[in-house]
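Report on the structure
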Amino acid sequence: MISRFLFYIPLIALFIGCNTAPESKIPTTALKGATLFDGNGNQTSNGVILVQEGRITAVGGAETEIPAGAEVIDVSGKYITPGLVDAHVHFGQTGFYDGRPDALDLRDTLPYEAVQKQLASNPDRYYEAYLRSGVTAVYDVGGYEWSLGLPASAEDNLDAPHVAAAGPLLTPVPQENLAVINTDQGNQLIQLTSPELGRERVQKQTALGATGIKIWMIALKDTVFMNSLHAVKEEVGRQNNKLIVHATNLDQAKEALRLGAKVLVHSVDDQPLDDEFIDLARKAGVIYCPTLVVLRGYNNAAKALTNKFEVQDPNNVVDAETKNRINSGHLFFKYYPNPEKYEENIAGESEYYEGLEAMMAANLKRVYEAGIPIALSTDAGNPGTLHGISIYDELEAMQQAGISPTDIIPMATRNGALAMERADDFGTLEVGKMADLIVLEKDPSMDASNFRSITHVMRGGLIRPVNVPFDKD
Ligand SMILES: [Zn+2]
């Protein structure tokens, strides 16, 4: 662990004593020769980035002066962007059905309580997969209360991405129906039954460090829920927190925006967006987080039950346990409720999801053209949407929806930092920001698939190749 405090001391020393403390005494790393994409939409060829004490101290073109004694890393011909930010993940979910018994019940073999206990005591299980996929920050937008401890514990850990977390979700779904995805240790989903409960949850979760209070669906006709939700909204304002809303249908999404939601998660997939939605989104100042690939992830998880889901992981970054679950998926086929209809169901689901994805893509294009901020987000942890590597599928899906690869870069970096309320710290290549960046072989502004050509990740000034396991001692 490297104390965050230590990052500041030498910089202060430099500013107040520049006559006596020559620059060369502070170790400097210079990345030289790459094409830089700063995350704000700007591009510099043959660029130079200077890094000291985990922070960016200079960014510019070839004319940028490199101090004597700097460690110069020649990245000529390569491409650098800020570290990617995945604005929608769940550390309480595994990428397979063991984390979602409501989707397929494997509890006889993999008891949910045990799975959750293991996740709570090893919250770092997916960190390396994120960093080695180029993701240097993630937003956990819903989980058990322990997820609220991750932002602090991950912050100065250079083997972890930065984390922001929302904690338990508030929902109109009756508590008894939620039992399957809660544990005896606590609830990640809490039925919102009264204004008092709503206020109490907002206060408690804010005190525990929640960045955002997530609402898991809006039941427009449930007056008890809606009254309680208004109390939540008021309390969120008092606590200087913000609302995150899961909304996949247009009416719910609009209501979320009227309530002032700052983050809208998932795409609207039931009908085309209309002008009213766009107006409301603009007024609310919302960030739209599309999670385009999570549905096909469910289809892939089902395919894994007959070993027909091949994980694309050339750098071998996915954690061994996840890989093992997916690769031994056939062991769980016995839990499939109607095996004789398996093939038919898979094909039917695939077709159904393709229809929803087409609507999601068309709506994303509309949001994009209206200039509403969009943040890259995967919903990783859901079955078939693996922590870390699913980012590439999502980037490609965004491009397929009609977003230019150049415009995807800020969505994949700066906008996620904005959603996490960390834009002052990371998300762009600017002087004073944390030195979180990635090095690519191929130009991401030509094709979003080129993010797959990542060779190195830098987190807090520490640069490492992504095709080699981290050396942790
Ligand atoms: Zn989610």
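Before reading on, note that the structure itself is shown above.
These notes cover the structure that comes with them. (Residues numbered from 1 in each chain as written. Predicted model: local features only at pLDDT ≥ 70, side-chain atom pairs only at ≥ 80, totals over all residues. Heavy atoms only, no water.)

Bringing the overall build of the chain into the picture now. Looking only at helices and strands, the chain has 15 helices and 17 strands in total. Taking 23 Å as the expected radius of gyration for a compact globule of 473 residues, we find that the chain reaches 22 Å, a close match to that expectation. Counting only C-alpha atoms and orienting by the principal axes, one finds that the chain spans roughly 70 × 50 × 45 Å. Out of the 473 residues belonging to the chain, those deemed buried represent 59%. (Helix = DSSP H or I, 4+ residues; strand = E, 2+ residues; numbered from the N terminus. Rg over C-alpha atoms; globule rule 2.2 N^0.38 Å. Buried < 20%, exposed > 50% of the residue type's maximum accessible area, 1.4 Å probe, protein only.)

Donor atoms from the polypeptide that bind the zinc ion are His88 (NE2), His90 (NE2) and Asp379 (OD), placed at 2.0 to 2.2 Å. Read N to C, the donor residues that coordinate the zinc ion are spaced as H-x1-H-x288-D. Here the residue histidine 88 occupies a position in strand E6 (residues 84-89), and aspartate 379 occupies one in the loop between helix H12 (342-369) and helix H13 (390-400), the gap between them amounting to 291 residues. Judged by its relative accessible area of 0%, histidine 88 falls in the buried class. Accessibility expressed as a relative area gives 4% for aspartate 379, which makes it buried. (Donors = N, O, S within 2.8 Å, 3.2 Å for Na, K, Ca; no water.)

Unusually for a residue other than glycine, asparagine 240 sits at a positive phi of about 55°. Topologically, asparagine 240 is positioned in the loop between helix H7 (223-238) and strand E12 (243-246). Residues other than glycine seldom take positive phi values, yet threonine 291 does so here, at roughly 40°. On the secondary structure map, threonine 291 appears in the loop between strand E14 (287-289) and helix H10 (294-304).

Right, let's get into the side chain of arginine 201. Note on placement: arginine 201 falls in helix H6 (residues 195-207). In this structure arginine 201 comes out as buried when scored by relative accessible area, which is 11%. Here glutamate 145 takes part through its side chain, which lies 3.1 Å from a polar atom of the side chain of arginine 201. (Polar contact = N/O pair within 3.5 Å; in protein donor to acceptor, adjacent residues only side chain to side chain.)

So, on to the packing of H10 against H12. Working note: a packed helix pair is described by the angle between its axes plus the distance between those axes. Orientation of H10 relative to H12, taken along the N-to-C sense of each, is 165°, at an axis distance of 9 Å. When the interaxial angle is binned, H10 and H12 end up roughly antiparallel. Taken as a pair, H10 and H12 cross one another with a handedness that is left-handed. Contacts between H10 and H12 pair Leu295, Arg296, Tyr298, Asn299, Ala302 and Lys303 from the former with Tyr342, Ile346, Glu349, Ser350, Tyr353, Leu356, Glu357 and Met360 from the latter. Looking at the contact of H10 with H12, its residues break down into eight nonpolar, two polar and four charged. (Axes fitted to C-alpha atoms, helices over the stretch in contact; angles between N-to-C directions. Parallel < 35°, antiparallel > 145°, perpendicular 65-115°, else oblique. Left-handed = near helix turned anticlockwise from the far one by under 90°. Contact = heavy atoms within 4.5 Å. Nonpolar A, V, L, I, M, F, W, Y, C, P; charged D, E, K, R; others polar.)

What follows covers the packing of aromatic side chains. Enumeration over the complete set of coordinates arrives at nine aromatic pairs. With a centroid separation of 5.7 Å and an interplanar angle of 85°, the aromatic rings of phenylalanine 91 and tyrosine 127 are classed as edge-to-face. Taken together, the residues phenylalanine 91 in the loop between E6 and helix H2 (112-121) and tyrosine 127 in helix H3 (residues 127-132) connect sequence positions 36 residues apart. In terms of burial, phenylalanine 91 and tyrosine 127 fall into one category: buried. The interplanar angle of 70° and the centroid separation of 6.1 Å between the aromatic rings of phenylalanine 91 and tyrosine 130 together place this pair among those described as edge-to-face. One end of the pair, phenylalanine 91, is in the loop between E6 and H2; the other, tyrosine 130, is in helix H3, and 39 residues separate them in sequence. Considered together, phenylalanine 91 and tyrosine 130 belong to a single accessibility category, that of buried residues. (Phe/Tyr/Trp six-rings, centres within 6.5 Å; stacked < 30°, edge-to-face > 60°.)

The next subject is the sheet that holds E6. In space, the three strands of this open sheet follow the order E6-E7-E8, with parallel pairing throughout. A strand with exactly one partner marks an edge of an open sheet, and here the two such strands are E6 and strand E8 (162-165). Averaged over all neighbouring strand pairs, the angle between strand axes comes to 15°, with direction disregarded. Bridge count for E6 against strand E7 (residues 135-140) is four bridges, and the pairing is parallel. Paired with valine 85 across the bridge in E7 is alanine 137. (Pairing = 2+ DSSP bridges.)

Here the focus is the layout of surface pockets. Taken as a whole, the largest pocket spans an internal volume of roughly 610 Å³. If you trace the largest pocket, you find 27 residues lining it, with His246, His266, Tyr298, Asp379 and Asn382 closest to the centre. At the level of secondary structure, the elements contributing two or more residues to the lining of the largest pocket comprise strand E11 (213-216), H10 and H12. The biggest single contributor to the lining of the largest pocket is H12, with four residues. Of the residues belonging to the lining of the largest pocket, the class tally is 13 nonpolar, 10 polar and four charged. In this model, the second largest pocket occupies a volume close to 260 Å³. In terms of lining residues, the second largest pocket is bounded by 16 residues, among which Asn300, Phe309, Gln312, Gly384 and Asp393 are the most central. Listing elements by their share of the lining of the second largest pocket, those giving two or more residues are H10 and H13. (1 Å grid on protein atoms, 1.4 Å probe; cavity = no way out; pocket = protein on both sides within 12 Å on 5 of 7 lines; lining within 4 Å. Points joined across faces, edges and corners; volume = space filled by probe spheres on them.)

Between H13 and helix H14 (residues 405-412), whose axes approach to 10 Å, the crossing angle comes to 135°. Relative to H14, H13 is oriented oblique. Pair H13 / H14 crosses with right-handed handedness. When H13 is examined against H14, the residues Leu395, Met398 and Gln399 are found in contact with a partner set consisting of Pro405, Ile408, Met411 and Ala412. Per-class residue counts for the contact of H13 with H14 are six nonpolar, one polar and no charged.

Next up on the list: the pattern of salt bridges. Under the defined criterion, the tally for this structure stands at 28 salt bridges. For arginine 422, the salt bridge goes to glutamate 155, with nearest N and O atoms at 2.9 Å. Of this pair, arginine 422 sits in the loop between helix H15 (414-419) and strand E15 (437-440) while glutamate 155 sits in helix H4 (residues 150-155), and the two are 267 residues apart along the sequence. On the accessibility criterion, arginine 422 (14% relative accessible area) is buried. The shortest N-O distance in the salt bridge between aspartate 275 and arginine 366 comes to 2.5 Å. In this pair, aspartate 275 is assigned in helix H9 (residues 275-284) and arginine 366 in helix H12, connecting sequence segments 91 residues apart. In this structure aspartate 275 comes out as exposed when scored by relative accessible area, which is 53%. One continuous salt-bridge network, built from bridges that share partners, spans Asp98, Arg125, Asp319, Glu321 and Arg325. (Salt bridge = Lys/Arg side-chain N within 4 Å of Asp/Glu carboxyl O.)

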